[in-house]
Amino acid sequence: MSLVNIDVTLRDGGYRNRFEFDLDYARTHARLSVAAGFDWVEIAYRKGSFKPVADLGLTGRGDDSYIAAIAEEIGPEHVGLILHPRNIDAGDLPAMHRAGARLVRVCVPAGDPGPALDTVRQAKEVGFTVCVNLTRVSQLPARKVVEVAAAAADAGTDVVYLADSNGSLLPAHTARLATLVKSVVPGEVGLHAHNNLGLAMSNAMAAVDAGATWMDSSVLGMGKGPGNLVAEQWIAYLDRIGGDRYDLGTMLHLADLLGRSVPESAPSLPLPDLVLGHFDLSVEERGSIAHSDHRQSVHAARALAGAAAG
Amino acid sequence: MTDSRPHALVFAPVLPQWDEGRFFATVTGALEAFGCRVTVVDTLALLEDSMTEVSQLARSWLPRMSEVDLLVGNALGGAVAQALLPDLRPPATVLVSAPTRADRVLAERLSTVADLAAEGDLSRSLAVLGELVTAEGVEPPVHQPVPADEQACRRIAGGMRLLLEVDLTEQVLSYEGPLMHLVGERSRLVTTAHLAAAAHHEVVEVPGAGMRPHSDRPEFVTDHLTRFAKENLTP
């Protein structure tokens, strides 16, 4: 089993601290991450996340100077960014590549994948390793997943990622999706897990058993909402089952450093996020289910999920 | 074309004769395997009879320093490396059995070796040194007599005496870069009691090893060196 691991802390963790990692921390984080055995460090969004946010911090902008600084630190072969195609223009991908990024991940909304697939084609022409992230994959019918994955493969993507943005996938569902995508694309399949239900680890294991070979995780699980697959647990697991290229000591050192340096990295499971994950609702619905009485939250979420299903 | 590999500069310990760095093959081999360009220097090459402190020897080395990405020192060489930290400010530092400060026991043991050498008794000096570098609980090797060698005696006596009152605590504690001490758990000379380390520095006790952990537990030392290099150097 040859897994490719991406550390997404600096990017997904940015949702916790408004992407305000300072450059010195980002440099050290990236270096330790590679030393611990990560293949890629996803260092930032390029020009913002899904929803525009004013005054984004370093890892929400992904400026060329930042890319260059991290590439100098860990080598371009480890530097990746993620982007929403609507946020960039034709000059961004060449500029990112010139600055020292070699992996780009393109968020593909299943509803309108066309523009994103154009971005995939351009990224391949520029010379990137390209991942397509099928966002909110838990809400997509299997047929749609197949359709978009196949189109992404035709556009030249190297990896199709199942992005469990809502943190709603169950292991069996994850395995089915991984198997499905694996059967229709010639490239690799990856998983970006969120831990709303505490199932990120189980889903990661199920995905790998079903043939996924790329895996996202974040240190201390630092990511949107309850966070992602916990990197140190994932690396410990891989080390335990015979991975010989991981350094658990360095991994834990990095987790300790992040915890001491970035207070917002403290693991948490906000109860509303558990509710969102349970009912497969996106984070945009958080306001709709917010209630001081969690019984009312669950009631509201059930109603919303029922309406969506109906 | 310039060599873009990270440069590791290694200060050697007190050796009766310069061996071109063979004493440290475990360490230099690991650093080269990582992708470093390694330079090993004979620390005592600039020793002058008038010198009584490590800082004097370090000062004589300072003008000769080129760009260093990783500063490494073993025993006396490690003390010189520590003395150079405030001026050289290397990006990363590895010290093997390098005393930051001597105590009475260490000073007495080093004095014994130095005094025998100063008397011209190289064989006995080396025999005692051989015992002291062997791990506690391990039978020291039998040392065969060696021919008299005035230069070797001068190196041993002069080098060891620089360490008798060494105290580089301030230089180490103020060093902001990453630093790893490697020291033998069963050393009869430099132990953890002779080290100083800031909160962000590492002290690695090498299980079962004596004063030469790179010889006693080469795989253990190599693992830590490689890990440290990965954490702190770009190959």
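Residues numbered from 1 in each chain as written. Chains lettered and ligands numbered in written order. Predicted model: local features only at pLDDT ≥ 70, side-chain atom pairs only at ≥ 80, totals over all residues. Heavy atoms only, no water.

With an unreviewed UniProt entry as reference, chain B is termed Pimeloyl-ACP methyl ester carboxylesterase, source organism Kutzneria viridogrisea.

For chain A, the name recorded in an unreviewed UniProt entry is 4-hydroxy-2-oxovalerate aldolase domain protein, with Kutzneria albida DSM 43870 as its organism.

1. Comments concerning helix α10 (residues 200-209) of chain A
Among the residues of α10(A), those classed as buried are A:Ala200, A:Asn203, A:Ala204, A:Ala206, A:Ala207 and A:Val208. Taken from the residues just after α10(A), A:Gly211 is the one with a positive phi, measuring 115 degrees. (Buried < 20%, exposed > 50% of the residue type's maximum accessible area, 1.4 Å probe, protein only. Helix = DSSP H or I, 4+ residues; strand = E, 2+ residues; numbered from the N terminus.)

2. Some remarks on unusual backbone geometry
Even without being glycine, A:Lys47 reaches a positive phi, approximately 60 degrees. Following the sequence through the fold, A:Lys47 ends up in the loop between β2 (40-45) and α4 (58-61). The partly exposed category is assigned to A:Lys47, whose relative accessible area is 40%. In the Ramachandran plot, B:Ser97 falls in the positive-phi region, its phi being about 50 degrees despite a non-glycine side chain. Within the secondary structure layout, B:Ser97 lies in the loop between β4 (93-96) and α4 (104-118).

3. Focus: empty space enclosed by the protein
Residues and elements named next belong to chain A. Evaluation of the coordinates by the stated rule reveals 1 cavity of 30 Å³ or more. The volume enclosed by the largest cavity comes to roughly 80 Å³. For the largest cavity, the full set of lining residues is Ser165, Asn166, His194, Asn196, Lys224, Gly225, Pro226, Asp273, Leu276, Leu281, Ser282 and Val283. In terms of residue class, the lining of the largest cavity is made up of 4 nonpolar, 6 polar and 2 charged. Counting the residues that make up the lining of the largest cavity, at least three belong to each of domain 1 (4-265) and domain 2 (271-309). (1 Å grid on protein atoms, 1.4 Å probe; cavity = no way out; pocket = protein on both sides within 12 Å on 5 of 7 lines; lining within 4 Å. Points joined across faces, edges and corners; volume = space filled by probe spheres on them. Nonpolar A, V, L, I, M, F, W, Y, C, P; charged D, E, K, R; others polar. Domains from an automatic or database assignment.)

4. Observations concerning the nonpolar core
The biggest cluster of nonpolar side chains holds 80 residues, and the ones touching the most others in it are A:Ile43, A:Val79 and A:Leu134. No other element matches the 6 residues that helix α8 (residues 142-155) of chain A contributes to this core. If we ignore the near neighbours within four places in the chain, the residues touching A:Val79 are A:Trp40, A:Val41, A:Ile43, A:Ile67, A:Ile70, A:Ala71, A:Ile74, A:Gly100, A:Ala101, A:Arg102 and A:Leu103. Ranked by size, the runner-up nonpolar core spans 56 residues in total, among them B:Leu44, B:Ala114, B:Val128 and B:Leu168. (Core = buried A, V, L, I, M, F, W, Y, C linked by side-chain atoms within 4.5 Å. Contact = heavy atoms within 4.5 Å.)

5. Here we look at the sheet that holds strand β4 (residues 103-108) of chain A
Reading around the barrel, the 8 strands line up as β1-β2-β3-β4-β5-β6-β7-β8 (chain A) and close back on themselves, with parallel pairing between neighbours. Across this sheet, the average inter-strand angle for adjacent strands is 25 degrees, counted without regard to direction. (Pairing = 2+ DSSP bridges. Axes fitted to C-alpha atoms, helices over the stretch in contact; angles between N-to-C directions.)

6. Points about the pattern of salt bridges
All names here are of chain B. Under the defined criterion, the tally for this structure stands at 29 salt bridges over all chains. Notably, a salt bridge pairs Arg104 with Glu108, separated by 3.1 Å at the nearest N-O pair. Of this pair, Arg104 and Glu108 are both found in helix α4, 4 residues apart, which corresponds to roughly one turn of the helix. Salt-bridge contacts for Asp121 lead to Arg124; the nearest nitrogen and oxygen are separated by 3.9 Å. Since its relative accessible area comes to 51%, Arg124 is described here as exposed. (Salt bridge = Lys/Arg side-chain N within 4 Å of Asp/Glu carboxyl O.)

7. Structural notes on the interface of chain B and chain A
The partner chain A presents 8 residues to the 6 residues of chain B that form the contact. Per-residue buried area on chain B facing chain A is highest for B:Lys230, B:Glu231 and B:Thr234; these three make up 78% of the total on that side. Counting across the interface, chain B meets chain A through 0 salt bridges. Put simply, chain B and chain A have 5 residue pairs in polar contact (both at pLDDT 80 or more) between them. (Buried area = accessible area lost by both parts, 1.4 Å probe. Polar contact = N/O pair within 3.5 Å; in protein donor to acceptor, adjacent residues only side chain to side chain.)

8. Focus on the pairing of strand β7 (residues 188-192) of chain A
Where a strand is regular, its side chains alternate between the two sheet faces. Residue and element names in this part refer to chain A. Burial of β7 is extensive: 4 of the 5 residues sit out of reach of the surface. Here strand β6 (residues 159-163) runs beside β7; their pairing, made up of 5 bridges, is parallel. The residue bridging Val159 from the neighbouring strand is Glu188, located in β7. At this point the chain moves from β6, through helix α9 (residues 171-184), to the parallel β7, and the crossover so formed is right-handed. Pairing between β7 and strand β8 (residues 214-217): 2 bridges, direction parallel. Counted as the bridge partner of Gly190 is Trp214 from β8. (Right-handed = clockwise from strand over helix to strand, strands pointing away.)

9. What about the sheet that holds strand β6 (residues 202-206) of chain B?
All names here are of chain B. With respect to topology, 6 strands assemble into an open sheet ordered β2-β1-β3-β4-β5-β6, the strand pairing being parallel. Where the open sheet ends on each side, the last strands, each with one partner, are β2 (37-41) and β6. Strand-to-strand, the axes of this sheet are offset by a mean angle of 15 degrees, without reference to chain direction. Bridge count for β4 against strand β5 (residues 179-184) is 4 bridges, and the pairing is parallel. Residue pairing for β5: Thr93 is matched across the bridge by Leu179. Each of β1 (7-11), β2 and β3 (70-74) touches helix α1 (residues 25-34); the most contacted strand, β2, lies at about 155 degrees to it. Of the strands in this sheet, β3, β4, β5 and β6 are in contact with helix α9 (residues 218-232), which crosses β6 at around 165 degrees.

10. Focus: the domain arrangement of chain A
Residue and element names in this part refer to chain A. Examined at the domain level, chain A breaks down into domain 1 (4-265) and domain 2 (271-309). The distance between the C-alpha centroids of domain 1 and domain 2 comes to 26 Å. Facing the 13 residues of domain 1 at the interface are 10 residues of domain 2. Both sides together, the interface formed by domain 1 and domain 2 hides about 820 Å², and carbon and sulfur atoms give 47% of it. The tally of links between domain 1 and domain 2 comes to 1 salt bridge. Across the pair Arg136 and Glu284 runs a salt bridge whose closest N-O atoms are separated by 2.3 Å. At the boundary of domain 1 with domain 2, the tally comes to 7 residue pairs in polar contact (both at pLDDT 80 or more).

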